[in-house]
Amino acid sequence: MDSQVDSENAYNSESLSSKLHTSITHSSFQIFRLKKMANFKVSRVGTTPFEGQKPGTSGLRKKVKVFIQPHYLQNFVQATFNALGAGRVEGATLVVSGDGRYYSKDAIQIITKMAAANGVRRVWIGQNGLLSTPAVSAVVRERVGADGSKATGAFILTASHNPGGPHEDFGIKYNMENGGPAPEGITNKIYENTTTIKEYLIAEGLPDVDISTIGVSSFEGPKGKFDVDVFDSTSDYLKLLKSIFDFPAIQKLLSSPKFSFCYDALHGVAGVHAKRIFVEELGANESSLVNCVPKEDFGGGHPDPNLTYAKELVARMGLSKTHSEPNPPEFGAAADGDGDRNMVLGKRFFVTPSDSVAIIAANAVQAIPYFSGGLKGVARSMPTSAALDIVAKHLNLKFFEVPTGWKFFGNLMDAGMCSICGEESFGTGSDHIREKDGIWAVLAWLSILAYKNKDNLGEGNLVSVEDIVRQHWATHGRHYYTRYDYENVNADGAKDLMAHLVKLQSSIDEVNTLIKGIRSDVSNVVHADEFEYKDPVDGSVSKHQGIRYLFEDGSRLVFRLSGTGSEGATIRLYIEQYEKDSYKIGRDSQEALAPLVEVALKLSKMQEYTSRSAPTVIT
Ligand SMILES: O=P(O)(O)OC[C@H]1O[C@H](O)[C@H](O)[C@@H](O)[C@@H]1O
Ligand SMILES: [Mg+2]
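Below you will find a few notes about this structure.

Conventions used here
- Residues numbered from 1 in each chain as written.
- Chains lettered and ligands numbered in written order.
- Predicted model: local features only at pLDDT ≥ 70, side-chain atom pairs only at ≥ 80, totals over all residues.
- Heavy atoms only, no water.
- Donors = N, O, S within 2.8 Å, 3.2 Å for Na, K, Ca; no water.
- Helix = DSSP H or I, 4+ residues; strand = E, 2+ residues; numbered from the N terminus.
- Buried < 20%, exposed > 50% of the residue type's maximum accessible area, 1.4 Å probe, protein only.
- Axes fitted to C-alpha atoms, helices over the stretch in contact; angles between N-to-C directions.
- Parallel < 35°, antiparallel > 145°, perpendicular 65-115°, else oblique.
- Left-handed = near helix turned anticlockwise from the far one by under 90°.
- Contact = heavy atoms within 4.5 Å.
- Nonpolar A, V, L, I, M, F, W, Y, C, P; charged D, E, K, R; others polar.
- Disulfide = S-S within 2.5 Å.
- Polar contact = N/O pair within 3.5 Å; in protein donor to acceptor, adjacent residues only side chain to side chain.
- Core = buried A, V, L, I, M, F, W, Y, C linked by side-chain atoms within 4.5 Å.
- Near = heavy atom within 4 Å.
- Areas by Shrake-Rupley, 256 points an atom, 1.4 Å probe, with all protein chains shown as cover.

## Re the coordination of the magnesium ion (ligand 2)
1) Next: All of the protein donors around the magnesium ion (ligand 2) are Ser160 (OG), Asp336 (OD), Asp338 (OD) and Asp340 (OD); their distances to the metal are 2.0 to 2.1 Å.
2) Next: For the magnesium ion (ligand 2), the donor residues sit on a single chain with the sequence spacing S-x175-D-x1-D-x1-D. Of the two residues, Ser160 sits in the loop between strand 5 (153-157) and strand 6 (169-175) while Asp340 sits in the loop between strand 12 (331-335) and strand 13 (342-346), which places them 180 residues apart along the sequence. Exposure class is identical for Ser160 and Asp340. Each is buried.

## Let's talk about the packing of helix 14 (residues 353-367) against helix 15 (residues 387-395)
1) Next: Closest axis-to-axis distance for the helix 14/helix 15 pair is 8 Å, and the angle between their directions is 15 degrees. Taken as axis vectors, helix 14 and helix 15 run roughly parallel relative to one another. The handedness of the crossing between helix 14 and helix 15 comes out as right-handed. Taking contact as the criterion, the partners of Ser354, Asp355, Val357, Ala358, Ala361 and Ala362 in helix 14 are, on helix 15, Ala387, Leu388, Val391 and Leu395.
2) Next: Of the residues that constitute the contact of helix 14 with helix 15, the class distribution is eight nonpolar, one polar and one charged.

## Topic: the state of the cysteines
1) Next: The tally for this structure, following the rule as stated, stands at zero disulfides.
2) Next: In this structure Cys418 is not part of a disulfide, and its nearest cysteine sulfur, from Cys421, lies 4.7 Å away.
3) Next: Accessibility expressed as a relative area gives 0% for Cys421, which makes it buried.

## So, the environment of Asn342
1) Next: With respect to the helices and strands, Asn342 occurs in strand 13.
2) Next: Once the C-alpha coordinates of Asn342 and Phe426 are considered, the two residues, 84 residues apart in sequence, prove to be 5.3 Å apart.
3) Next: Each residue touching Asn342, except ones within four places of it in the same chain, is listed here: Pro305, Ala334, Phe426, Gly427, Thr428, Gly438 and Ala441.
4) Next: Reaching out from Asn342, the side chain makes a polar contact with the side chain of Thr428 at a distance of 2.8 Å.

## Here we look at unusual backbone geometry
Phi is mostly negative for residues that are not glycine, and the peptide bonds are mostly trans.
1) Next: Of note in this structure, Asn128 is not a glycine but carries a positive phi near 65 degrees.
2) Next: By the element assignment, Asn128 lies in the loop between strand 4 (122-126) and helix 8 (133-142).
3) Next: At His267, a position not held by glycine, the phi torsion is positive, near 65 degrees.
4) Next: Position of His267 among the secondary structure elements: in the loop between strand 10 (261-264) and helix 12 (270-281).
5) Next: A relative accessible area of 14% places His267 in the buried class.

## What about the nonpolar core?
1) Next: Tyr263, Phe278, Phe331 and Leu446 are the most contacted members of the largest nonpolar core, which has 77 residues in total.
2) Next: Residue contributions to this core peak at eleven residues, all from helix 17 (residues 438-452).
3) Next: With near-sequence residues (within four places) excluded, Leu446 lies in contact with Ile250, Leu253, Phe259, Phe261, Phe278 and Phe331.
4) Next: Among the nonpolar cores identified, the runner-up in size contains 48 residues, and Ile108, Ile172, Tyr200 and Phe226 belong to it.

## Section: the site of ligand 1
1) Next: Contacts to ligand 1 come from 13 residues, most closely from Glu423, Lys436, Ser562, Thr564 and Arg572.
2) Next: A distance of 3.5 Å separates an oxygen atom of ligand 1 from a polar atom in the side chain of Ser58.
3) Next: Surface burial for ligand 1 is 97%, taken as the share of its 390 Å² of free accessible area covered by protein chains.
4) Next: Along the lines of polarity and charge, the residues of the shell around ligand 1 split into one nonpolar, seven polar and five charged.

## Points about helix 10 (residues 235-244)
1) Next: Among the residues making up helix 10, those that are buried are Asp236, Tyr237, Leu238, Leu240, Leu241 and Ile244.
2) Next: The inward-facing, buried residues of helix 10 contact helix 8, strand 9 (224-231), helix 11 (247-255), helix 12 and helix 17.

Here it is in structure tokens:
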């Protein structure tokens with residue numbers, strides 16, 4: 001009897017002994033159990049607002065030194081609970097996990113205690129606090145707890161592709177019961193709450209949970225039971241992926257001596273899933289995994305899968321300018337810190353994310369069982385190239401152009417209007433969840449490769465990634481595309497540059513005169529505006545979503561300020577040119593785009609406003 005009592009009340013020994021005494025005097029254990037003391041009490045902690053807790057496109061991202069200030073994280077979490085309202089918090093089942101970056105472990109303990117105090121019924125945590133953003137979305141949508149419970153929302157602890165470590169970034173965002181990021185109505189309310197917050201609730205007496213061991217720990221609070229369920233990070237996500245793709249077909253491709261594969265998680269959370277999915281399930285060689293052990297500081301790197309930051313993969317795939325690789329793998333891919341982004345490479349070949357989504361959409365019905373019944377529609381973000389538009393037209397599919405940010409796809413998917421979508425920012429995904437999904441994109445490509453090679457894994461040449469892309473261009477034309485990023489520039493300079501570009505738009509004639517003075521071989525601008533989007537599902541309007549210059553020959557220049565940086569401003573310049581003639585589609589993209597790049601830089605007075613003579617990253 002004693003040991004049972006002890007284990008249930010281990011955290012309140014003083015009151016326990018007095019109760020125990022009472023129960024023994026009344027010689028009725030039953031009475032004692034019913035009146036059992038709580039494991040924790042609710043403590044109300046006074047606080048004052050912090051400035052700048054406005055969640056951006058993907059939650060709140062700040063330097064760790066900002067987040068670790070006393071009450072900083074707590075204020076944001078309480079503001080979120082208050083914005084959700086008691087109906088979505090009391091009795092709720094909340095997922096709390098992330099990409100494992102520095103400060104995650106502390107944050108998980110704090111959020112768990114605050115959840116308990118706010119009346120949440122269960123907190124679900126991926127083992128070691130690790131769940132990729134797509135895995136969180138899958139868990140929210142698909143996981144069923146041992147007691148039949150379903151998740152009602154999630155705190156995702158990540159700053160995505162931003163570096164991690166004590167001097168780098170931390171982040172937090174809230175996802176709703178559909179597995180997608182909270183809509184603007186909620187994030188605005190969270191922000192309002194952060195400006196007036198006076199107190200937060202936290203459980204006192206609740207111990208830190210051991211997040212490294214799978215299992216359920218149960219506690220008793222003033223409002224009843226509170227469970228912490230630590231579960232395997234990959235099982236639910238894997239189950240969902242298995243229902244989408246033909247795993248045996250992919251396994252056959254991976255085991256073919258003609259094929260070789262490489263995956264770089266850049267020390268982000270995707271490494272955990274990759275080992276299980278690619279190696280244990282699909283039979284890839286363990287040596288094909290690079291940087292797949294998650295690290296709190298991503299090994300000191302920048303966990304963004306692009307040609308600049310995914311250096312090791314780029315070198316392995318034979319794309320490094322300084323290192324020559326004699327025998328690169330046939331296929332390579334990388335992920336960002338939280339595993340929702342992807343970069344796909346072939347042997348010595350880069351697939352632009354804009355082409356990637358178009359090619360996946362073009363082949364999905366044949367190559368991916370989940371889509372065998374047809375696609376409901378496709379969508380891309382505005383700065384993403386128009387390669388997908390051509391596929392949509394060709395296949396007679398519903399098509400949507402939305403502002404940057406994955407949440408805009410969510411509404412379309414919830415309304416059954418969109419199956420596949422993608423962004424130039426290395427995000428690709430489908431309506432299986434409500435986040436982009438890096439591993440899904442890799443499996444989609446492996447499915448296409450498996451499909452195209454289904455009859456020649458024995459004899460004949462392998463149809464390579466490059467073959468698939470070139471074939472696509474030959475059929476649909478090619479969108480030459482590049483993005484120039486100017487990271488961490490002076491915020492006022494960036495604002496002035498944008499204002500200058502908007503002002504120019506008032507006279508297209510003047511713009512064309514300026515352009516002719518810069519390059520006479522560039523076509524005329526026919527339309528210029530700031531992109532605005534009216535959501536076809538809820539009618540909401542998003543303004544100022546990027547500055548566009550549209551040219552007569554289909555070329556486009558787009559300028560945007562990043563919504564995901566944590567310091568200064570980042571200007572993104574997107575340059576695109578369409579070529580239909582087969583003899584013009586094989587050029588080097590930087591070379592093909594050089595005239596438009598020159599126009600963009602001079603028209604925007606980039607160097608004048610940013611004091612930068614070159615971008616930080618070119619993709
Ligand atoms: O605002 P940016 O830095 O260009 O980033 C834009 C990207 O941010 C996040 O990753 C969002 O999830 C993406 O949907 C979006 O494309
Ligand atoms: Mg990310």
